[in-house]
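So you can see what is in the structure, the chains are spelled out below.
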Amino acid sequence: DDDIFSSAFCENSEKLINVHLFALATKYYSLSSLGVCTPLEDVLEALKGDSEGATGIKPDEFMNNKKSHEVQVMSELVDSIANHCGIKQVIDIGSGKGYLSSFLSMQYNLKVYGIDSSSSNTNGAHERNKKLKKHWRAYQSRGRENLKSQSLKKANDRPVESEINCKTIHEELLNNASSLQNKDQVIIQDLVPSCGSIEMATPESNTEAEADFVTGTQSHETKPSEEVLAVLNILPADAVEDFSSPHYNCRELCEEEKVQRKMTSLKTKARNSSESNLYFPLTSCITAETELSDIITDLEDCMMVGLHTCGDLAANTLRIFTAKPEIKAICSVGCCYHLLSEQFENQEGNSSELIWGFPMCQYLKDKGWCCGRNARMSACLALERVAVGQMLPTESLFYRAVLQVIIEEIYGVTKSDRHVGKTFSKSSSFIDYVRRSLKKLELDDSKLPDSCIMDYYEKYKHRMNELEAFNMLKVVLAPCIEVLILLDRLCYLKEQENIAWSGLVKLFDPVKSPRCYAVIALKNQSCS
């Protein structure tokens, strides 16, 4: 196969001469074709055991479509891994605004530490938590008033039932209480309104919602309205303030029911005292040498997660995972491959003493493998999005290419530590784009008249089609470069002796979330 695909290039000039064969080769070497990924369904089935999945928070109420998709899929997998390993603590590396962290804490009652290097992210998370608690209190207050008015209306309209009916209600309550107590947790859901960037986090609770919810089961004639039930649609049972006063036709509770209520109440109090504030945003820069116990004082057996950990952070989380006995599992989705540091990219000094983002595995280190920045940049492109018609931003790429010619020919600059950034979206024309960019690069634009700028534009605009074709070839090649980076990380885990299982899993729809592959690993149970 290698010999066949090599004929896509001219042997002498090494130029591409067969585009069709090139496209076939890139498809052949993509993750989907190589057969090295483990299907998500198989992983969930293997981890499931006797546990039951939590029901339905709808994250799209407070996240965009992409983030909602990512958080919902990844959190289900993380919860399954945590249950399989028997752990309740999760460390979210590069947690950003905390969407995954807060969802894990609320939906699955996990104790989550979200660590991010940006203080603005963690400070923002604290503020969003405060705002969200206000929303919860407003819902609770409204629900309390609605239920109270309903109870009064039903009490006036409903005749007193017979003692036989009363006995039937008691039996139903006992059965419901017994059934709910046999579960690890009672998930109560809430339809939270869209709150912009407000992020979800488990609030403090000083009430006994689970006890009252269990014993507050009502007869069919006294069911609360849909609006009241909607209040109970997102929070864990121990995070919801009780707003119901059970109304029964029986004057006294039987002794067995009293015991049930008391036991449930004690259970809820114990859980409230130990599991309030289940999401903790922290600010810290994570490196391969980071001691988590210095950041998290109550570090215990846990798992590490990362949703689109940037550049070297993805590699460093894998190194921390293998080195720290407390971390029993990892689920990491990387991104920003162009920001990876490469050991063999610059051969200056003794690079072997440093810790690099690529390569990680000994196999590629022995070969001295190097991708280079251009290849890593290509790995970030989204083939699946282009395939469904979300075309590349050709005009902005053209602007950037012509700008490169200008700064080299006019200013003699070939390298710069500064970046143009998202200047295109803020520019009204090519002239405006060039002047904004020169200011960002700290270059004097006064010696460059508008006519000169437009001359460059006119000189190269007929080559825009060439630029588009070139970038399409980069898009087609992107999955192959991503394969190399991901397999390097997987091979690194395979080289470790304390890993029971490791694999690559396609988590997300690549059209919604192009960086869709997770590196997952579980340690041997004997490791401590």
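Because the structure is a prediction, the values reported are computed rather than measured. (Residues numbered from 1 in each chain as written. Predicted model: local features only at pLDDT ≥ 70, side-chain atom pairs only at ≥ 80, totals over all residues. Heavy atoms only, no water.)

1. Side note on the overall build of the chain
Move 1: Looking only at helices and strands, the chain has 20 helices and seven strands in total.
Move 2: Taking all 528 residues of the chain together, 46% fall into the buried category. (Helix = DSSP H or I, 4+ residues; strand = E, 2+ residues; numbered from the N terminus. Buried < 20%, exposed > 50% of the residue type's maximum accessible area, 1.4 Å probe, protein only.)

2. Details of the packing of helix α17 (residues 394–409) against helix α20 (residues 464–494)
Two quantities define a packed helix pair, namely the angle between the axes and the distance from one axis to the other.
Move 1: Following both chains from N to C, one finds α17 and α20 inclined at 110°, their axes separated by 10 Å at the closest point. By the angle class used here, α17 and α20 are roughly perpendicular. Contacts between α17 and α20 involve Thr394, Leu397 and Phe398 from the first element and Met464, Leu467, Glu468 and Asn471 from the second.
Move 2: Its residues placed into classes, the contact of α17 with α20 shows four nonpolar, two polar and one charged. (Axes fitted to C-alpha atoms, helices over the stretch in contact; angles between N-to-C directions. Parallel < 35°, antiparallel > 145°, perpendicular 65-115°, else oblique. Contact = heavy atoms within 4.5 Å. Nonpolar A, V, L, I, M, F, W, Y, C, P; charged D, E, K, R; others polar.)

3. Description of helix α6 (residues 99–108)
Move 1: Along α6, 10 of the 10 residues are buried, which leaves the element largely enclosed by surrounding structure.
Move 2: Those residues of α6 lying buried are Tyr99, Leu100, Ser101, Ser102, Phe103, Leu104, Ser105, Met106, Gln107 and Tyr108.
Move 3: Once α6 finishes, Asn109 follows within two positions and takes phi at roughly 60°, a positive value.

4. So, the side chain of Asp92
Move 1: With respect to the secondary-structure elements, Asp92 resides in strand β1 (residues 89–93).
Move 2: The side chain of Asp92 is buried and forms no salt bridge, while Lys67, the nearest opposite charge, is found at 8.9 Å.
Move 3: Engagement of the side chain of Asp92 in a polar contact is seen with the side chain of Ser101, the distance being 2.7 Å.
Move 4: Non-local contacts of Asp92, meaning those with residues more than four positions away in its chain, are made with Leu100, Ser101, Val112, Tyr113, Gly114, Ile115, Val305, Gly306 and Leu307. (Lys, Arg positive; Asp, Glu negative; His and termini not counted. Salt bridge = Lys/Arg side-chain N within 4 Å of Asp/Glu carboxyl O. Polar contact = N/O pair within 3.5 Å; in protein donor to acceptor, adjacent residues only side chain to side chain.)

5. What about the confidence of the model for the chain?
Move 1: Per-residue pLDDT for the chain averages 76, and the proportion of residues at 70 or more is 65%.
Move 2: In the model, residues 159–253 has pLDDT below 50 throughout and makes 213 contacts with residues more than four positions away in sequence or in other chains. (pLDDT = per-residue confidence, 0-100.)

6. Quick word on the packing of helix α2 (residues 19–28) against α20
Move 1: Contact geometry for α2 and α20: axes closest at 8 Å, N-to-C directions at 30°. The pairing of α2 with α20 is recorded here as roughly parallel in orientation. Packed against α2, whose contacting residues are Val19, Phe22, Ala23 and Thr26, the element α20 presents Leu473, Val476, Leu477 and Cys480 at the interface.
Move 2: Looking at the contact of α2 with α20 residue by residue, the classes come out as seven nonpolar, one polar and no charged.

7. So, unusual backbone geometry
Move 1: Pro359 follows Phe358 through a cis peptide bond whose omega is -5°.
Move 2: Within the secondary structure, Pro359 sits in the loop between β5 (327–335) and α14 (362–367).
Move 3: Phi at Asn109 is positive, roughly 60°, even though this residue is not glycine.
Move 4: Since its relative accessible area comes to 5%, Asn109 is described here as buried.

8. Points about the pairing of strand β2 (residues 111–116)
Move 1: For β2, the tally of buried residues reaches five of six residues, placing the bulk of the element in the interior.
Move 2: Pairing between β1 and β2: five bridges, direction parallel. Across the sheet, residue Ile91 finds its bridge partner in β2, namely Tyr113.
Move 3: For the handedness criterion, the β-α-β arrangement of β1, α6 and β2 is classed as right-handed.
Move 4: Both β2 and strand β3 (residues 279–283) contribute to a ladder of five bridges, which runs parallel. Residue pairing in the sheet places Gly114 in a bridge with Pro281 of β3. (Pairing = 2+ DSSP bridges. Right-handed = clockwise from strand over helix to strand, strands pointing away.)

9. Some points on the packing of aromatic side chains
Move 1: What the rule picks out here adds up to 12 aromatic pairs.
Move 2: Here the aromatic rings of Tyr399 and Phe430 are separated by 5.0 Å at their centres, their planes lie at 70°, and the arrangement is edge-to-face. Taken as a pair, Tyr399 in helix α17 and Phe430 in helix α18 (residues 430–440) lie far apart in primary sequence, 31 residues in all.
Move 3: What makes Tyr399 buried here is its relative accessible area of 8%.
Move 4: Here the aromatic residues Phe398, Tyr399, Phe424, Phe430, Tyr433 and Tyr457 are joined through ring pairs into a cluster of three or more.
Move 5: Here the guanidinium or amino end of Lys523 rests over the ring plane of Phe321, the centre of that ring lying 4.9 Å away. (Phe/Tyr/Trp six-rings, centres within 6.5 Å; stacked < 30°, edge-to-face > 60°. Lys NZ or Arg CZ within 6 Å of the ring centre and 35° of its normal.)

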